[in-house]
Amino acid sequence: MASLKALKLRIGSVKSTQKITKAMKMVAAAKLRRAQSNAEAGRPYSQRLSDVVASLAGRITIGPESPRLIGGTGSDQRHLIVVAASDRGLAGAFNTNIVRAVRRAADELIGQGKDVSFFIVGRKSRPVLQRLFPGRISGQHDTSEMKNPTYADAQAVASEVMRRFENGEFDVVHLAYSNFRSVLAQEPTVDQIIPVRPSAATAAAAPTTASAVVEYEPDEEAILADLLPRNVAVQIYRALLENQAGFYGSQMTAMDNATRNAGDMINRLSIQYNRQRQAAITTELVEIISGAEAL
Amino acid sequence: MADLRFELVTPERQVMAADVHMVVVPGTEGEFGVMAGHAPFMTTLRDGELAVYRTAGATPERITVGGGFAEVGDRGLTVLAERAEA
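Every residue gets a number counted from 1 within its own chain, in the order that chain's sequence is written. Chain A is the first chain written and ligand 1 is the first ligand written, with later ones labelled in order. Local features in this predicted model are restricted to residues of pLDDT 70 or higher, and side-chain atom pairs are both shown and tallied only at a pLDDT of 80 or more, whereas totals for entire chains, interfaces and linings draw on every residue. The side-chain numbers reported here are obtained from all heavy atoms of the structure, hydrogens and water having been left aside.

Rules: UniProt positions are given in the numbering used here, feature names are shortened, and annotations may be inferred rather than shown by experiment.
Going by the annotation in an unreviewed UniProt entry, the name recorded for chain B is ATP synthase epsilon chain, with Sphingomonas arvum given as the source organism. In its Function (unreviewed entry) section, the UniProt entry covering chain B states "Produces ATP from ADP in the presence of a proton gradient across the membrane."

Chain A has the name ATP synthase gamma chain in an unreviewed UniProt entry, where Sphingomonas arvum is given as its organism. A UniProt comment under Function (unreviewed entry) is attached to chain A, and it reads "Produces ATP from ADP in the presence of a proton gradient across the membrane. The gamma chain is believed to be important in regulating ATPase activity and the flow of protons through the CF(0) complex." UniProt annotates chain A under Subunit (unreviewed entry) with the comment "F-type ATPases have 2 components, CF(1) - the catalytic core - and CF(0) - the membrane proton channel. CF(1) has five subunits: alpha(3), beta(3), gamma(1), delta(1), epsilon(1). CF(0) has three main subunits: a, b and c."

## Points about the overall build of chain A
Cut-off, in case you're wondering: A run of DSSP states H or I qualifies as a helix once it reaches four residues; a run of E qualifies as a strand once it reaches two. Both are numbered from the N-terminal end. The buried label goes to any residue with under 20% of its type's maximum accessible area, the exposed label to any with over 50%, and the partly exposed label to all in between, with areas taken from a 1.4 Å probe on protein chains only. Contacts are assigned to residue pairs with any non-hydrogen atoms lying within 4.5 Å of each other. Using a 1.4 Å probe, the Shrake-Rupley method yields the accessible areas, and only the shown protein chains count as cover for residues.
Regarding its fold elements, chain A presents seven helices and six strands. Going from the N terminus to the C terminus, chain A shows its helices and strands as α-α-β-α-β-α-β-α-β-β-α-β-α. Split into buried and exposed, the 295 residues of chain A put 44% on the buried side. Within chain A, contacts between residues separated by at least 24 positions form 77% of all contacts whose residues are at least 6 apart in sequence. Element-wise, carbon and sulfur atoms account for 53% of the exposed surface of chain A, whose accessible area totals about 15,400 Å².

## With respect to the pairing of strand β8 (residues 76-85) of chain B
All names here are of chain B. Selection criterion: Only strands that DSSP links by at least two bridges are regarded as paired with each other.
The buried count for β8 comes to eight of 10 residues, which makes it a mostly enclosed element. Inspection of the sheet shows strand β1 (residues 4-9) paired to β8 by four bridges, in the parallel sense. Bridge assignment links Glu7 to a residue of β8, and that residue is Thr78. Alignment of strand β7 (residues 61-73) against β8, held across nine bridges, turns out to be antiparallel. Residue pairing for β8: Ala70 is matched across the bridge by Val79. Joining the antiparallel neighbours β7 and β8 is a turn of two residues.

## As for the sheet that holds strand β2 (residues 115-121) of chain A
All names here are of chain A. As a reminder, the rule being used: Only the contacting stretch of a helix is used when fitting its axis, a line to C-alpha atoms as for every element, and angles between N-to-C directions run 0 to 180 degrees.
Strand order in this open sheet of five strands is β3-β2-β1-β4-β5, and the pairing throughout is mixed. A strand with exactly one partner marks an edge of an open sheet, and here the two such strands are β3 (137-141) and β5 (186-194). With direction set aside, neighbouring strand axes in the sheet form an average angle of 25°. Note that β2 and β3 share four bridges and pair parallel. Within the sheet, the bridge partner assigned to Ile120 lies in β3 and is Gln140. Relative to β3, helix α5 (residues 151-166) is tilted by about 155°, and along the sheet it contacts β1 (78-84), β2, β3, β4 (172-180) and β5. Relative to β4, helix α7 (residues 220-294) is tilted by about 35°, and along the sheet it contacts β1, β2, β4 and β5.

## Remarks on the interface of chain A and chain B
Defined as follows: Two parts placed together each lose some accessible area under a 1.4 Å probe, and the buried area is that loss summed for both. A pair is scored as a salt bridge if a Lys or Arg side-chain nitrogen falls within 4 Å of a carboxyl oxygen belonging to Asp or Glu. Polar contact is defined as a pair of N or O atoms within 3.5 Å, subject to the rule that within protein one atom must be able to donate a hydrogen and the other to accept it, and that residues adjacent in sequence are counted only when both atoms are side-chain atoms. Under the convention adopted here, Pro, Cys and the residues Ala, Val, Leu, Ile, Met, Phe, Trp and Tyr are nonpolar, Asp, Glu, Lys and Arg are charged, and Gly plus all remaining residues are polar.
Across the contact, 24 residues belong to chain A and 21 residues belong to chain B. Roughly 2,200 Å² is buried in total at the junction of chain A and chain B, and carbon and sulfur atoms are behind 59% of that figure. When the area that chain A buries against chain B is broken down by residue, the three leading residues are A:Tyr45, A:Arg48 and A:Glu217, summing to 34%. Across the contact surface, chain A and chain B share two salt bridges. Residue B:Glu71 is joined to A:Arg48 by a salt bridge in which the shortest nitrogen-to-oxygen separation is 2.4 Å. At the junction of chain A with chain B, the criterion picks out six residue pairs in polar contact (both at pLDDT 80 or more). Elements with a minimum of two residues in the side of chain A that touches chain B: α1 (4-59), α5, β6 (215-217) and α7 of chain A. It is α1(A) that contributes the most residues to the side of chain A that touches chain B, eight residues altogether. Classifying every residue of the side of chain A that touches chain B by side-chain character gives 15 nonpolar, four polar and five charged. Here three bridges tie β6(A) to strand β5 (residues 41-44) of chain B, and the two strands are oriented parallel to one another.

## Notes on the UniProt feature "domain: ATP synthase F1 complex delta/epsilon subunit N-terminal" (unreviewed entry) in chain B
The UniProt record annotates "domain: ATP synthase F1 complex delta/epsilon subunit N-terminal" (unreviewed entry) at residues 4-84 of chain B. The span residues 4-84 of chain B shows a helical share of 0% and a strand share of 70%, and its end C-alpha atoms are spaced 20 Å apart.

## Describing the confidence of the model for chain B
Keep this limit in mind: A residue's pLDDT is simply how confident the predictor is in it, with values from 0 to 100.
Averaged over all residues, the pLDDT of chain B is 87; the fraction at 70 or higher stands at 99%. Strand β3 (residues 22-27) of chain B holds the highest mean pLDDT among the elements of chain B, 91, whereas β8(B) holds the lowest, 87.

## Focus on the packing of aromatic side chains
All names here are of chain A. Spelled out, the test is: Here a pair means two rings of Phe, Tyr or Trp (six-membered ring of Trp) with centres within 6.5 Å. Their orientation is stacked below 30 degrees between planes, edge-to-face above 60, and tilted elsewhere.
One pass over the full model with this rule turns up six aromatic pairs over all chains. With a centroid separation of 5.3 Å and 65° between ring planes, the pair formed by Phe247 and Tyr248 is classed as edge-to-face. Just as Phe247 is buried, Tyr248 falls in that class too.

In structure tokens:
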């Protein structure tokens, strides 16, 4: 049985922990609102861009001389997975979920006899991946200095990935991030970004835009060649934004839980403390009374 | 004549969405003006200035844009630029 003093100290420490988690929750809530509006502001651009790329891709015939970003390298042996996670922890299962999705995708590819390597954005996924897939991390982008992801960051990641793609270091690039559904639901997603694979949604939207007779300047292929690298950067940028929003959402939920748990713990400890105090008083009284009676 | 639906979007935000009279866009192969009813058209952009005429004869608003493309469709003109500064 802990002494009264020890209990009191314990209650004090849980209380200060609760203060911290409460503060973190509020901060996360405030930042979430920012991140969420950023993520929403970024959606029209990436949506339009992928629509256009899909409609253009439907118009040209993919041959050996078409851009490699869309036609692929003719092989799908070497895969790169760009893993976008967060730089900070204390966000519940946020990073774990991303890593788990990555792991599943990677295991599947390795099972098919493919080579898989990783490119890390955000340092939290690094230790786990290093342990699970030693020696497969081929690069990373340091995001520890950035507060909010900017397009420049995404461009830096994209140009690094593109440069290595052009050097022929890999054939297929996937992007793993957490899709921000709502504050409570973040969905870890692994998308293929190189070569471009028109998703079902954009493929369905494509015929409507393609039906009109559109004049292209310069021509379809030149436009496409210009847009594809941009598309990669934009997809990465979108992933970073979604991640950011998802991270704060996840952190807010986690900190809310922690605050509530701390509250429960304080209640339990207080009850224990009061019981012991009372027991001590009772014992003391019994001692005094029995002492008086003995006289 | 009806106004032209004009949207200028960067990856970071929607810079402008308005009904305007005419927009002059710096395309890769030369500047071109778009008014309502323009034929479907798509081009990449070069770095340059976008001139937005809110009404006929008004002084244009100039917006510096860089990298991206412009699309004219039934829904009007959409400019997707990587950078845009008024």
